[in-house]
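# Close look at the chain arrangement
Residues per chain, in single letters:
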Amino acid sequence: MLAQELVLKQRTELLHALCSSGSSEHLERVLDLLLAHGELEWEEYQNIQIPGRALYTNARQLLDLVYTKGAVTCEGLLSALKLTLPEGQHASLSFSGCSLNRDRNVCHKPTSESLLNRRPSLVRKLQGCISGALEALTRSGHFTSGDCDEVRLPIHTPSQQARRLLDHVRSKGDPAAEVVLDFIQQKYGSGSSLNQEKVELSKEFQKFQKKLTSSVLAQSCFLSTYGGTSHMSLDEIYTDVELELSHDCTEAPLGLEDIVGTAGTKNVEADTVLVSGEAGSGKSTLIQRLHLLWARGTALQDFLFLFPFSCRKLNSEQRELSVQELLFQHCCWPDRDQEEIFQFILDHPHLILFTFDGLDEFKQSFSDEHRLCCPTQRAPVHILLFNLIQGSLMKGVWKVVTSRPEAVGPVLRKHLRKEVFLKGFSPSGIDCFVRKHHSDPTVAAKVLGSLQTNTALLGLCHSPVLCWIVSQCHRELLGCEEGSLQTITDVYMMILQHFLQHQRPEKTSVGLGWLQENKETVLHLGQLAFDGIGNTCYVFSFSHLKMCGVSEKDISMGFLILSKDMSFSHSRHYEFLHVTIQCFFAALHIVLSSCSDRSTIPKLFELQDMTESGIECFRACFPATHQEQQVPGDQDTAVEKPNLQITATFMSGLLSDRYLSMWHQSCPSTTLERKVKQVSKCLSKGLQKHFRSIPQPVAGEKKSMHAMPDFVWLIKCIYEMQETRIAKDAMSKLEVDHLKLTYCNIGPIECTALAYVLQHLKGPVGLQLDNNSIGDVGVEQLLPCMHICNALYLRNNNITDEGIGKLIPKCIQCVNFQKIALFNNKLTDACTQHFSLLLKTKQNFLSLRLWGNKIGDAGAQALADALQNSETLLWLSLVGNGVGSTGACALANIIRHSSSLEEIWLTENCITKTGVECLIQALKHNQHVKSLWLRNNHLSSEEVEDMMQRESRLVF
Ligand code: ADP
């Protein structure tokens, strides 16, 4: 349907979307975008946004105007709405491929005009610093105190204040606008290239910008995983993922543009931002989304040029290149004036953004030994890339690099401005993705319903690639027996079956026939994948395929797709749909091939101690099919540990009892048995090695093991095998009092595996899982091992009241359970009902620490009520929980009578003198309490002085 028609037909829905919240924010944001993109003139805007007039009237006025302006403006409106409305509201509207055009050339306009072009980003940036901006305007004589008062009217929200400020500045002319831009520039540092409007762009330059934009747009429109079977535009399927700055921080959720924002900066000298995440967590898709938004003109508009690079593609670049050649040959070729354009890029580094997707797939490991400073000097591509990342080349250009975390060593970390962790889908993200994937809402509801009944599978779906597979295979999912899908291998077996049968639905075989019928395909693809993994090769030429016997029919199954990264090359190249699918086929190869080297399996598991030379020795197991892609004489080949580990995980799963019968036709049973034994032995040996590294405890201290990430990998392999015997055997040899798994990238998937294995531990342990990404789903997965925990530490794990509602009822039943610490999660007073029950019923409970949540006065009161019945609690911490004097007085009541409490922490709350007076009175009746911490509350220094004199146990 045409955009104009859509605006007319959906008038009621559009009005509802703009106004139903009662706030004018949606309307104003849409207006900002329309102004910025030149769809509305200033005067038109003033006619719509009349202060004091009803919101619905303003919105109607906008719809009327947009309709009369024609199709392009209508498209702009729909697009602006799509960007503005929360995703939940998208479903009720049709946007039909709308886009905002980028034609408004920002570069020749006067400064006050540029306030309009940049309005959305300025509003965002000004919100937090209105006073500073007003001060700058008053100091420079452009604003009177009356102007400031009008901006600061208390009825305005911060974003409205920002808009009113911009409107006022506009009426004062260019010099005032200049003050605001300078102010923002200073405030947000050099990364914010707001002075780009001062840049004069030549015609050729604009042409190049247009060419680059359309090339980036074309590359980023579709998702490759949907290439073979159906075309799915990124817009239709993209679902927000969870981003986090660092494990320690509890700031508001990050948006895509925050990746290049100031938040989380660790090293202001550096220009490289790392986006790290596990395989399949959505790194490439996120970068693709950034590209698309930039090319559409809806994000990252501080950058005039965005040059996208794929490390996969760079792997195949054998020539020595200069930076100029790298940019122009790999991204976009300027038809004329190459030198001038490159000079412009050199002169304006802050207007340029480079993205490098998949650094972990780059053949060479990062090193900063070969320095190169001259952008016109030729060098091998890895030297160029490393110098760009470290900033010796093109200092000041922003670079966004994606990688799996394991592949980022300390040398690279030194050169990072900041790191953003990509944690995959949130629970609501899974929901949203499934609904987008299935246009039929009944199917979506069925898939979601079946996920809800299988929490292990739901846990897996936090990984976008697994969520995609599960959605893709919904028929198999809905047809399978309950609980039969538990492990990652199960999910990949499902997609194997799905693709193999999908091609010939009329011949759908029953039982295992589907595998037999396609045995050759599996073997060929397995060989290709295995050779590739061993040689760091992800893109295959036709001759690669031929060498492994891959035929056109094998290709048509859909596991291989044409590599879009290699579109510059004359011959066709292929890659696996996703690197994890390549690992899965490599594992199938190891399992199925009857002649594979006996040392392959042990070597795959010995990776944990592998040095570079160890990896080289492992490589000897692989045929050197892809020698042509190796860099001759290069010593710094990247350690391919992550992919080999994923392969080993799949192999463990494929060799589990459940699947063995499937392989008998392809591999003699004696060989299979040998392989199973080898895997079991390797897993046991691997864990023993970890256990042996546990230091003897210092006298009086607990025996503690700090697990390394490889420990979690081994645990995941045991889970994939679904071998209780190995789990029991391994845990019977682990003797520790405290198991520390902090910063181990543990999400719901890992929790399932951990609980599967740890439940067999002999004695009770303290389980410390601080600083991971467990979330409510992960908490639920941990329940089977709660009986072996005497203490549980879950700091900074994104847990909400819902997770607590599942965890605590289970803990109440566990005799050993005595301590819990939940610092920096997302708890409110609603969770205290569960803790209250715990305190009332569990009369051996010792320590409750809820530091850094939001339980407030209501929560403190509920806990105080419950504590009346507890005779055992020694330690209570409610630091940083928004507790005021009401909460403090309630707690004072129980302190008065408690015979167990020894330490109470109420630091960083908002307790005033009244509350502390109550506490002092209570302490007069209590000799047990050793100290009560009250630092950083709402008290004057005189009050603190006086209180300290009166009660020495108060700590300020
Ligand atoms: P990574 O680069 O981390 O290995 P990808 O970006 O390739 O992961 O994601 C794998 C697949 O998961 C994609 O092809 C797509 O099907 C799905 N996916 C990932 N992120 C998203 C997202 N944000 N929205 C929708 N689907 C996604």
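By convention here, each chain's residues receive numbers from 1 onward along its written sequence. Local features in this predicted model are restricted to residues of pLDDT 70 or higher, and side-chain atom pairs are both shown and tallied only at a pLDDT of 80 or more, whereas totals for entire chains, interfaces and linings draw on every residue. Remark: hydrogens and water are excluded; side-chain values derive from all non-hydrogen atoms of the structure.

### Regarding the overall build of the chain
A run of DSSP states H or I qualifies as a helix once it reaches four residues; a run of E qualifies as a strand once it reaches two. Both are numbered from the N-terminal end. Along its length, the chain carries 46 helices and 21 strands. Exposed residues in this analysis have more than 50% of their type's maximum accessible area, buried residues have under 20%, and partly exposed residues fall in between, with area computed by a 1.4 Å probe over protein chains only. Out of the 956 residues in the chain, the part that is buried amounts to 60%. Between two residues, a contact is recorded if the distance between any of their heavy atoms is within 4.5 Å. Put simply, of all contacts in the chain between residues at least 6 apart along the chain, 77% involve residues at least 24 apart. Note on areas: Shrake-Rupley with a 1.4 Å probe; residue coverage comes only from the protein chains shown. A total of about 38,000 Å² of accessible surface is found on the chain, and carbon and sulfur atoms cover 52% of it.

### Focus: the nonpolar core
In summary, soluble globular proteins display a tendency toward joint burial of nonpolar side chains. Buried Ala, Val, Leu, Ile, Met, Phe, Trp, Tyr and Cys residues form a nonpolar core when they are joined through side-chain atoms within 4.5 Å. One finds Phe-307, Leu-496, Phe-605, Trp-663, Leu-741 and Phe-835 to be the most contacted residues of the largest nonpolar core, which totals 259 residues. Broken down by element, the residue count for this core peaks at eleven residues, all from helix H31 (residues 579–592). Discounting chain neighbours no more than four positions away, the residues touching Phe-605 are Ala-648, Met-651, Ser-652, Val-679, Cys-682, Leu-683, Trp-713, Leu-714 and Cys-717. Counting residues in each nonpolar core, the second largest holds 32 residues, with Leu-6, Leu-34, Ala-80 and Leu-81 among its members.

### Some remarks on the packing of helix H36 (residues 669–692) against helix H37 (residues 709–721)
When two helices pack together, you describe them by how their axes are tilted relative to each other and by the distance separating the axes. One way to put it is that H36 packs onto H37 with a least axis distance of 10 Å and a crossing angle of 150°. In terms of axis orientation, H36 runs roughly antiparallel to H37. Viewed along their axes, H36 and H37 form a crossing whose handedness is left-handed. Residues Val-676, Val-679, Ser-680, Leu-683, Gly-686, Leu-687, His-690 and Phe-691 of H36 touch H37, and the partners they reach there are Asp-710, Phe-711, Leu-714, Ile-715, Cys-717, Ile-718 and Met-721. Of the residues assigned to the contact of H36 with H37, the class counts are eleven nonpolar, three polar and one charged. All axes here are fitted lines through C-alpha atoms, helices being fitted over the stretch that makes contact, and every angle between N-to-C directions spans 0 to 180 degrees. Angular relationships are summarised with four words: roughly parallel below 35 degrees, roughly antiparallel beyond 145, roughly perpendicular across 65 to 115, and oblique for the angles in between. Handedness of each helix crossing follows the sense of rotation of the near helix against the far helix: counterclockwise by less than a right angle gives left-handed, clockwise gives right-handed. Asp, Glu, Lys and Arg are counted as charged, while Ala, Val, Leu, Ile, Met, Phe, Trp, Tyr, Cys and Pro are counted as nonpolar; the rest, among them Gly, fall into the polar class.

### Quick word on the site of the ligand
What surrounds the ligand is a group of 21 residues, the closest being Thr-225, Thr-239, Gly-280, Thr-285 and His-578. With respect to the ligand, the backbone of Gly-280 contributes an N or O atom lying 2.8 Å from an oxygen atom. Taking Ser-281, its main chain carries an N or O atom lying 3.2 Å from an oxygen atom of the ligand. Here the ligand, which alone exposes 550 Å², has 95% of that area covered by the protein. Those elements giving two or more residues to the shell around the ligand turn out to be helix H15 (283–296) and helix H24 (464–472). Classifying every residue of the shell around the ligand by side-chain character gives eleven nonpolar, eight polar and two charged. We call a residue near a molecule or strand whenever a single non-hydrogen atom of that residue lies within 4 Å of it. For this analysis, a polar contact is any N or O atom pair within 3.5 Å, provided that within protein one partner can donate a hydrogen and the other can accept it, and provided that sequence-adjacent residues contribute only side-chain to side-chain pairs.

### Some thoughts on helix H5 (residues 55–69)
Taking 1.5 Å of rise per residue, the 15 residues of H5 would be expected to cover 21 Å, and the 21 Å separating its terminal C-alpha atoms lies within 8% of that figure. Residues of H5 that are buried include every one of Leu-55, Asn-58, Ala-59, Leu-62, Leu-63 and Val-66, and no others. The buried residues of H5 occupy an angular sector of 135° when projected down its axis, which confines them to one face. Looking at the buried residues of H5, the elements they touch are helix H2 (11–19), helix H3 (25–36), helix H4 (42–48) and helix H6 (71–84). At the C-terminal side of H5, Gly-70 shows a positive phi close to 110°. By this rule, a helix spans an expected 1.5 Å times one less than how many residues it contains. Taking the helix axis as origin, the arc is that swept by the directions to the C-beta atoms.

### A closer look at the sheet that holds strand E10 (residues 560–562)
Between any two strands, pairing holds if DSSP finds at least two bridges. Pairing is antiparallel across the open sheet formed by three strands, whose spatial order is E9-E11-E10. Pairing within the sheet leaves two strands with one partner each, and these edge strands are strand E9 (540–541) and E10. Pairing analysis gives two bridges linking E9 to strand E11 (residues 573–576), with the strands arranged antiparallel. Its bridge partner lying in E11, Phe-540 is registered against Tyr-574. The strands touched by helix H28 (residues 519–534) within the sheet are E9, E10 and E11, with E11 carrying the most contacts at an inclination of about 90°.

### As for the pairing of strand E5 (residues 352–357)
Of all six residues in E5, six are buried, a share of seventy percent or more. The alternating pattern of E5 places Ile-352, Phe-354 and Phe-356 on one face and Leu-353, Thr-355 and Asp-357 on the opposite face, and all of these are buried. With six bridges joining them, strand E3 (residues 305–310) and E5 adopt parallel strand pairing. Among the inter-strand pairings, Phe-309 is bridged to a residue of E5, identified as Phe-356.

### Overview of the packing of aromatic side chains
Within 6.5 Å between ring centres, the rings of Phe, Tyr and Trp (the latter by its six-membered ring) count as paired, and their orientation is classed by plane angle as stacked under 30 degrees, edge-to-face over 60, tilted in between. The final tally for this structure, using the stated rule, is 30 aromatic pairs. On the basis of an interplanar angle of 85° and a centroid distance of 6.0 Å, the ring pair of Phe-309 and Phe-354 is categorised as edge-to-face. Here Phe-354 lies in strand E5 and Phe-309 lies in strand E3, a separation of 45 residues in the sequence. Phe-354 gets classed as buried once you look at its relative accessible area, which sits at 0%. Judged by centre distance (6.0 Å) and plane angle (90°), the rings of Phe-540 and Phe-576 are edge-to-face. Here Phe-540 is found in strand E9, whereas its partner Phe-576 is found in strand E11, with 36 residues between them in sequence. Judged by relative accessible area, which is 2%, Phe-576 ranks as buried. Site record: aromatic cluster; members linked through ring pairs are Phe-205, Phe-208, Phe-305, Phe-307, Phe-309, Phe-328, Trp-333, Phe-342, Phe-344, Phe-354 and Phe-356.

### A word on the side chain of Thr-355
Here Thr-355 is to be found in strand E5. For Thr-355, a relative accessible area of 1% gives the class buried. There is a polar contact of 2.8 Å between the side chain of Thr-355 and the side chain of His-291. Aside from chain neighbours lying at most four places away, what touches Thr-355 is Ile-287, His-291, Leu-306, Phe-307, Pro-308, Phe-309 and Val-400.

### Brief notes about the pairing of strand E15 (residues 789–793)
Counting buried positions along E15 yields four of five residues, so the element is predominantly enclosed. Alignment of strand E14 (residues 765–768) against E15, held across four bridges, turns out to be parallel. Paired with Leu-767 across the strands is Leu-792, a residue of E15. One crossover worth recording links E14 to the parallel E15 by way of helix H40 (residues 775–782), and it is right-handed. In this structure, E15 lies alongside strand E16 (residues 819–821), joined through three bridges in parallel fashion. Bridged to Ala-791 within E16 is Lys-819. The crossover handedness rule: strands pointing away from the viewer, path from first strand over the helix to second strand clockwise, crossover right-handed. This β-α-β element, E15 to helix H41 (residues 801–812) to E16, shows right-handed connectivity.

### Things to note about the confidence of the model for the chain
The quantity called pLDDT is the predictor's confidence in a given residue, expressed from 0 to 100. Model confidence for the chain is summarised by a mean pLDDT of 86, while 90% of its residues fall at 70 or above. This model gives residues 608–615 a pLDDT under 50, and the stretch forms 16 contacts once residues within four places in sequence are excluded. Taken together, the stretch residues 624–639 has pLDDT below 50 and engages in 46 contacts with residues farther than four places along the chain or on a different chain.

### Looking at the pattern of salt bridges
Side chains that differ in sign of charge can pair as their charged atoms come close. The rule for a salt bridge is simple: a side-chain nitrogen of Lys or Arg has to be within 4 Å of a carboxyl oxygen of Asp or Glu. For the structure shown, the criterion picks out 42 salt bridges. Among the ionic pairs, Asp-271 bridges to Lys-399, the shortest N-O distance being 3.4 Å. Of this pair, Asp-271 sits in the loop between strand E1 (243–244) and strand E2 (272–276) while Lys-399 sits in strand E7 (residues 398–403), placing them 128 residues apart in sequence. You'll find Asp-271 and Lys-399 in the same group, each marked buried. Among the salt bridges present, the one from Arg-371 reaches Asp-368, with a minimum N-O distance of 3.9 Å. Within the structure, one salt-bridge network assembled from shared partners comprises Glu-25, Glu-28, Arg-29, Asp-32, Arg-119, Arg-163, Arg-164 and Asp-167.

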